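What the coordinates show
One letter stands for each residue in the lines below.
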Amino acid sequence: MKVAVVGATGLVGSKMLQVLAERKFPVTELIPVASARSAGKEVEFAGKKYKVVTPPDAIALRPDVALFSAGGGTSLEWAPKFAEAGITVVDNSSAWRMDPTKKLVVPEVNAQVLTPEDKIIANPNCSTIQMVMVLDPLHKAYGVRRVVVSTYQSVTGTGVKAVNQLMDERNGVEGEKAYPYPIDLNVLPQIDVFQENGYTKEEMKMVNETKKIIGDDSIRVTATTVRIPVMGGHSESVNVEFEKDCEPVAIRRLLGQTPGVTVVDDPANLLYPMPRDAHEKDDVFVGRIRQDETQPRTVNLWIVADNLRKGAATNAVQIAEYLLGKGWIG
């Protein structure tokens, strides 16, 4: 099994290499891919060193699958070229997510939409993935009508430059900035660029991707996405209105039986999900499950996940595992 990782030197690309090794994906030959300026550098995978190559060289090596995490521009340019060569692409950028001809997949939720003909498969936005992991079983049981979500997102979602900015500020060092304002001891109510409707691109991703993944355009979603000075994971406060009556006890029981979801909800003992506890874990953690006392059939949830793992790398590898299990790659 030849596996290409496009963007192998970045934060998510590096995490993809780690997850491939941890999950023992059957890689016989790794093809790390990056821009021309990184060509020739070495990355380590499963105890061996591999030289970074450019996208044209990677296509010539004919990998079975290519995991992309190199930004939307790179994906728009190169994913179709990989696909034309018969290589299945799992793309972590926003380039193909809302393309009606491309599938947007969280394996636990909607892997069944995939077919052998899908050569470019979109990996959803990190904050959307963790939310739909919890919403999907609840939607099947109670019917989700409306979702109000506010996010508290890690600087790792922006990349290495943002991590460096936070640590520079913490250490009193002048350095390159990823954000227009300081992030340490601060909160930035902007993730991605503002749209004409006053929402940011990240907020609209959560609105549109949730409907596409769950497969129900009637679900109403409104979002406020916020960057906070944290590393290790994204957190979300989610208010959900259902069509049917529901009790927190039943919701805890249902989510406790949901693969990939861990319930941490014991206020009496001060137990609830936190980013530091989700760090380097693949599950989505949910707690603070309680009735909204202002209106019927509505609950509040607190959802946390490692945005580099389930929010990105692990989800992409799980898609590749599904394709492998079906015999569609390799």
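Our subject is the structure that appears above.
Here we summarise the structure given alongside this text. (Residues numbered from 1 in each chain as written. Predicted model: local features only at pLDDT ≥ 70, side-chain atom pairs only at ≥ 80, totals over all residues. Heavy atoms only, no water.)

On to the sheet that holds strand β13 (residues 284-291). Strands sit in the order β10-β9-β11-β14-β13-β12 across an open sheet of six strands; the sheet is mixed. The sheet is open, and its two borders are formed by β10 (220-224) and β12 (261-263), each paired with just one other strand. Each strand axis lies, on average, 25 degrees off the axis of its neighbour in the sheet, ignoring direction. Where strand β9 (residues 144-152) meets strand β11 (residues 234-242), eight bridges bridge the pair, whose relative direction is antiparallel. Among the inter-strand pairings, Tyr152 is bridged to a residue of β11, identified as Ser235. Sitting on the sheet, helix α5 (residues 126-142) is in contact with β9, β10, β11, β12, β13 and β14 (298-305), with an inclination near 25 degrees to β11. (Pairing = 2+ DSSP bridges. Helix = DSSP H or I, 4+ residues; strand = E, 2+ residues; numbered from the N terminus. Axes fitted to C-alpha atoms, helices over the stretch in contact; angles between N-to-C directions. Contact = heavy atoms within 4.5 Å.)

This paragraph deals with the pattern of salt bridges. A complete count under the given rule lists 18 salt bridges for this structure. A salt bridge links Arg97 to Glu209, with the nearest nitrogen and oxygen atoms 3.4 Å apart. In this pair, Arg97 sits in the loop between β6 (88-91) and β7 (103-104) while Glu209 sits in helix α7 (residues 201-214), placing the two residues 112 residues apart along the sequence. Of the residues examined, Arg97 reaches a relative accessible area of 6% and is grouped as buried. Residue Lys103 pairs with Asp118 through a salt bridge whose shortest N-O separation is 3.1 Å. Here Lys103, found in strand β7, pairs with Asp118, found in the loop between α4 (107-110) and β8 (120-122); they are 15 residues apart in sequence, far enough to count as distant. With relative accessibility at 23%, the residue Lys103 sits in the partly exposed group. The buried category is assigned to Asp118, whose relative accessible area is 10%. The network of salt bridges with common partners includes Lys15, Glu22, Arg23, Glu280, Asp282, Arg309 and Glu321. (Salt bridge = Lys/Arg side-chain N within 4 Å of Asp/Glu carboxyl O. Buried < 20%, exposed > 50% of the residue type's maximum accessible area, 1.4 Å probe, protein only.)

One way to put it is that α5 packs onto helix α8 (residues 248-256) with a least axis distance of 10 Å and a crossing angle of 120 degrees. Overall, the two elements α5 and α8 adopt an arrangement that is oblique. For the pair α5 and α8, the sense of crossing is right-handed. Residues Val134, Pro137, Leu138, Ala141 and Tyr142 of α5 form the contact with α8, whose own contacting residues are Ala250, Ile251, Leu254 and Leu255. (Parallel < 35°, antiparallel > 145°, perpendicular 65-115°, else oblique. Left-handed = near helix turned anticlockwise from the far one by under 90°.)

Buried within α8 we find Pro248, Ile251 and Leu255. Axial view of α8: buried residues confined to an arc of 55 degrees, hence all on one face. Facing away from the buried side of α8 by more than 90 degrees, the exposed set consists of Val249, Arg253 and Gly256. Those residues of α8 that are buried are in contact with α5, β11, β12, β13 and β14. (Arc of directions from axis to C-beta.)

Together, Leu270, Tyr272 and Met274 give the surface a local cluster of nonpolar side chains, amounting to about 290 Å² of exposed area. Following the sequence through the fold, Tyr272 ends up in the loop between β12 and α9 (275-278). (Patch = residues over 30% accessible without salt bridge, like charges linked within 9 Å, V, L, I, M, F, W, Y side chains within 5 Å. Areas by Shrake-Rupley, 256 points an atom, 1.4 Å probe, with all protein chains shown as cover.)

Turning our eyes to something else, we now look at the packing of aromatic side chains. A full pass over the atoms with the stated rule returns four aromatic pairs. Centroid distance Phe68 to Phe82: 5.1 Å. Interplanar angle 85 degrees. Geometry classified as edge-to-face. Of this pair, Phe68 sits in strand β5 (residues 65-68) while Phe82 sits in helix α3 (residues 72-84), and the two are 14 residues apart along the sequence. Across the pair, Phe82 and Phe68 agree in class, each one buried. One Lys or Arg, Lys81, reaches over the ring of Trp78 and ends 4.4 Å from the middle of that ring. (Phe/Tyr/Trp six-rings, centres within 6.5 Å; stacked < 30°, edge-to-face > 60°. Lys NZ or Arg CZ within 6 Å of the ring centre and 35° of its normal.)

Tracing the backbone shows Thr298 in strand β14. Overall, the relative accessible area of 0% leaves Thr298 in the buried class. Within the structure, Thr298 has its side chain in polar contact with the backbone oxygen of Pro296 (distance 2.8 Å). Excluding its chain neighbours within four sequence positions, the residues that come into contact with Thr298 are Asn239, Val240, Glu241, Gln291 and Asp292. (Polar contact = N/O pair within 3.5 Å; in protein donor to acceptor, adjacent residues only side chain to side chain.)

Grouped together as the largest cluster of nonpolar side chains are 53 residues, with contacts concentrated most on Phe82, Val147, Val240, Phe242, Ile251 and Leu301. Residues in contact with Phe242, not counting those within four places in the same chain, are Leu138, Tyr142, Gly143, Val144, Arg145, Ile251, Arg297 and Val299. In terms of nonpolar packing, the next biggest core, distinct from the first, is built from 32 residues, Met16, Val52, Leu114 and Leu323 among them. (Core = buried A, V, L, I, M, F, W, Y, C linked by side-chain atoms within 4.5 Å.)

Here we take up the pairing of β10. Of the two faces of β10, the one holding Val221 and Ala223 is buried and the one holding Arg220, Thr222 and Thr224 is not buried anywhere. Bridging between β9 and β10 involves five bridges; their strand directions are parallel. Residue pairing across strands places Val148 opposite Thr222, the latter belonging to β10.

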